[in-house]
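An overview of the molecular structure
Each chain is listed here by its residues.
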Amino acid sequence: MTTYQVYLNGKPAQTFMWGTGDPVLPVPTTKGSREVLVGSHPGTTYSVKIRARLGDGTWGAFSRELTVKTGS
């Protein structure tokens, strides 16, 4: 199982897992994508970063933080 946390504006927004669930999300072999729903406010800017759960159960370092803006 592969687990990731998504943070928006410095706060946990979603945790998702590949390899579990109903339906089962297969673990990607190259790269994968997921959507995080943030609301219906067009033009809102968010700071986004992610981190992965490591094999020993601890969380890895955060990715570089990106700034994204919702569509209109």
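Look up: the structure comes first, before these words.
Notes on the structure follow. (Residues numbered from 1 in each chain as written. Predicted model: local features only at pLDDT ≥ 70, side-chain atom pairs only at ≥ 80, totals over all residues. Heavy atoms only, no water.)

**Concerning the side chain of Thr-3**
Counted only if it meets this: What counts as a helix is a DSSP run of H or I of at least four residues, what counts as a strand is a run of E of at least two, and both are numbered from the N terminus. Burial classes: relative accessible area under 20% of the type maximum marks a residue as buried, over 50% as exposed, and values in between as partly exposed (1.4 Å probe, protein chains only). Contacts are assigned to residue pairs that have any heavy atoms within 4.5 Å of one another.
Its place among the elements puts Thr-3 in strand β1 (residues 2-8). Since its relative accessible area comes to 8%, Thr-3 is described here as buried. Beyond its immediate sequence surroundings of up to four residues, Thr-3 is in contact with Thr-15, Phe-16, Met-17, Arg-51, Ala-52, Arg-53 and Trp-59.

**Overview of the sheet that holds strand β3 (residues 45-52)**
Pairing between the strands of a sheet comes from backbone hydrogen bonds, and it takes one of two forms, parallel or antiparallel. In plain terms, the rule: Between any two strands, at least two bridges found by DSSP are needed for them to pair. Between N-to-C directions, angles span 0 to 180 degrees; the directions come from axes that are lines fitted to C-alpha atoms, helices contributing only their stretch in contact.
Spatially, β2-β1-β3-β4 is the arrangement adopted by the four strands of the open sheet, whose pairing is antiparallel. The open sheet has two free edges, formed respectively by β2 (11-18) and β4 (66-69), since each of these has just one partner strand. Sheet twist, expressed as the average angle between the axes of neighbouring strands with direction ignored, equals 30°.

**Some words on the environment of Arg-51**
For clarity, the cut-off: N or O atoms within 3.5 Å of each other form a polar contact, as long as, within protein, one can give a hydrogen and the other can take it, and as long as residues adjacent in sequence are counted only when both atoms are side-chain atoms.
Looking at where Arg-51 falls in the secondary structure, it is placed in strand β3. Judged by relative accessible area, which is 18%, Arg-51 ranks as buried. Along the sequence, Arg-51 and Tyr-7 sit 44 residues apart, while their C-alpha atoms lie 8.6 Å from each other. There is a polar contact of 2.7 Å between the side chain of Arg-51 and the side chain of Gln-5. Engagement of the side chain of Arg-51 in a polar contact is seen with the side chain of Tyr-7, the distance being 3.2 Å.

**Concerning the pairing of β2**
Both β1 and β2 contribute to a ladder of seven bridges, which runs antiparallel. Across the sheet, the residue bridging to Thr-2 is Trp-18, located in β2.

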